[in-house]
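Residues per chain are reported as follows:
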Amino acid sequence: MGAPRSKWIWMDGELVSWENAKVHVMTHALHYGSAVFEGIRCYKTDEGAAIFRLKEHIDRLFFSASIYRMKIPFTKEEIMRACIEVVKANEFEECYIRPLVYRGYGEMGVNPLNVPVKVAIMAWEWGAYLGKAQEVGARVIISTWVRPAPNMLPMMAKVSGHYTNSQLAKIEAVEKGADEAILLDHRGYISEGSGENIFIVKDEVIYTPPTYASILVGITRDSVMRIARDLGYTVMEKDITRTELYNADEAFFTGTAAEVTPIVEVDGIKIGDGMPGPITRKLQKAFWEVVHGKNKKYIGWLTFVR
Ligand code: PPE
């Protein structure tokens, strides 16, 4: 993927042109990872662009910020309106929205408490996160890196600093020729991908790791669980062992960027028959209809930009 671009970026209350959306190298977040962020998708519908589960993403952004005692100098409503404004200003029909709350320029040193909190909202056009894997299925590895335990880092918060762990796992996957890495938690159970939650299907029952398996509690994870249950499937949060993953009939990732991406191979072992599974396909299709406003039952998950 090349460098994305847009016309406008929202910074601390105003739209700034792409060229002028800059920060200083003394920015605290650049040194210490002291930023929290969101990834939100905006989809094309018959009624124009619509942002998927905006409220839930902004709620999580404020939750993440609170853990690090960051006081966001805007209300949730103002941030939501700003997200809409960024999509509109850039005239995107479909895009990915990235709100970022970060410690800016102030004191240096680890203590973040006196450093000003800044907010930027970017948007760009972003296709399938794992490329052709969305169609043909991802070939993944189990990373040698482990997800931090719940008493090491608050993995339920979406914090920039946490992504150094994801980067190490992703580097390992890329260097081994795989599409993505799956990390185990501190107890050795399946946690999640470097930027996605994971599900398996066994005997038509759908399983996903519980929140205490050091996962980011994904909004796509929640959406897919609800859609699957509405379709009549049993969905259970349960610890999943590495062997249970190898032995699954189907497996797939969920995430804002990754959407629903089938997993067809783990550590060189084929999952099921090595093709995207039928339940995965069904959920992928159902999710697609929901985000594009084709299923009226879930229309409340969409915020129309117009
Ligand atoms: N786990 C991790 C570690 C993660 O980064 C994401 C999203 C998820 C699970 C799924 O969460 P949700 O988007 O709420 O369903 N990863 C974001 C960032 C990806 C990136 O490379 O940047 C995303 O998908 O937007």
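Residues numbered from 1 in each chain as written. Predicted model: local features only at pLDDT ≥ 70, side-chain atom pairs only at ≥ 80, totals over all residues. Heavy atoms only, no water.

A.B. asks: Break down helix α5 (residues 163-175) for me, citing the residues and quoting the values.
C.D. replies: Helix length check: α5, at 13 residues, gives a terminal C-alpha distance of 18 Å against a target of 18 Å (1.5 Å per residue), a fit within 8%. Residues of α5 that are buried include every one of Y163, N165, S166, A169, E172 and A173, and no others. Buried-residue contacts for α5 involve β3 (35-37), β8 (138-146) and β9 (180-184). Where α5 ends, the next residue or the one after it, G177, has phi of about 80°, a positive value. (Helix = DSSP H or I, 4+ residues; strand = E, 2+ residues; numbered from the N terminus. Expected span 1.5 Å × (residues − 1). Buried < 20%, exposed > 50% of the residue type's maximum accessible area, 1.4 Å probe, protein only. Contact = heavy atoms within 4.5 Å.)

A.B. asks: Break down the environment of G193 for me, citing the residues and quoting the values.
C.D. replies: In this fold, G193 is placed in strand β10 (residues 190-193). Look at G193 and you get buried, because its relative accessible area is 0%. Here the alpha-carbon distance between G193 and S166, two residues 27 residues apart in the chain, equals 8.0 Å. When residues no more than four places from it in sequence are discounted, the contact partners of G193 are R147, A181, I182, L183 and F253.

A.B. asks: Before we move on, can you summarise the domain arrangement of the chain with the specific residues and values?
C.D. replies: Looking at the assigned domains, one finds that the chain contains domain 1 (8-124) and domain 2 (133-291). Summarising the inter-unit geometry, the C-alpha centres of domain 1 and domain 2 are found 26 Å apart. Residue-level contacts link 21 residues of domain 1 with 24 residues of domain 2. When domain 1 packs against domain 2, the two sides together hide about 1,800 Å² of surface, and 61% of this comes from carbon and sulfur. Its largest share of buried area at the contact with domain 2, domain 1 owes to F37, Y43 and R60, together 31% of the area lost on that side. The tally of links between domain 1 and domain 2 comes to 2 salt bridges. Here D222 and R53 are joined by a salt bridge, their closest N and O atoms 2.7 Å apart. Our count for the domain 1 to domain 2 interface comes out at 12 residue pairs in polar contact (both at pLDDT 80 or more). Of all the secondary-structure elements, those providing two or more residues to the side of domain 1 that touches domain 2 are β3, β4 (40-45), α2 (54-67) and β6 (95-103). Considering every element that reaches the side of domain 1 that touches domain 2, the biggest residue donor is α2, with 6 residues. Of the residues that constitute the side of domain 1 that touches domain 2, the class distribution is 11 nonpolar, 5 polar and 5 charged. (Domains from an automatic or database assignment. Buried area = accessible area lost by both parts, 1.4 Å probe. Salt bridge = Lys/Arg side-chain N within 4 Å of Asp/Glu carboxyl O. Polar contact = N/O pair within 3.5 Å; in protein donor to acceptor, adjacent residues only side chain to side chain. Nonpolar A, V, L, I, M, F, W, Y, C, P; charged D, E, K, R; others polar.)

A.B. asks: Give a description of the site of the ligand that names residues and reports values.
C.D. replies: The full set close to the ligand counts 22 residues, and Y96, Y129, Y163, E192 and T256 are the nearest of them. Contacts to the ligand include Y96, whose side-chain N or O atom sits 2.4 Å from an oxygen atom. Contacts to the ligand include R98, whose side-chain N or O atom sits 3.0 Å from an oxygen atom. Look at the ligand: alone it shows 550 Å² of surface, and the protein chains cover 93% of it. Counting contributing residues per domain, the shell around the ligand is built from domain 1 (8-124) and domain 2 (133-291), each supplying no fewer than three. (Near = heavy atom within 4 Å. Areas by Shrake-Rupley, 256 points an atom, 1.4 Å probe, with all protein chains shown as cover.)

A.B. asks: With reference to specific residues and values, describe the nonpolar core.
C.D. replies: Ranked by size, the top nonpolar core spans 32 residues in total, and within it I51, I72, I79, V87 and I97 carry the most contacts. Mapped by element, the contributors of at least two residues to this core are β4, β5 (48-52), α2, α3 (76-89), β6 and β7 (117-124). With 7 residues, the top contributor of residues to this core is α3. By size, the runner-up hydrophobic cluster in this structure holds 23 residues, among which are A50, I279, F287 and V290. (Core = buried A, V, L, I, M, F, W, Y, C linked by side-chain atoms within 4.5 Å.)

A.B. asks: Help me get a handle on the side chain of E250, residues and values and all.
C.D. replies: Along the chain, E250 turns up in strand β14 (residues 250-255). Here E250 sits buried without a salt bridge, and the closest side chain of opposite charge, R281, lies 8.7 Å off (N-O distance). At 2.7 Å, the side chain of E250 and the side chain of T280 are in polar contact. Every residue in contact with E250, bar those within four places of it in the chain, is listed here: F199, I200, V201, I271, G277, P278, I279 and T280. (Lys, Arg positive; Asp, Glu negative; His and termini not counted.)

A.B. asks: Just give me the short version of unusual backbone geometry, but keep the residues and values in it.
C.D. replies: Residue E91 is not a glycine yet carries a positive backbone phi of 55°. Take E91: it is sitting in the loop between α3 and β6. At E204, a position not held by glycine, the phi torsion is positive, near 70°. Here E204 is to be found in the loop between β11 (197-202) and β12 (205-208).

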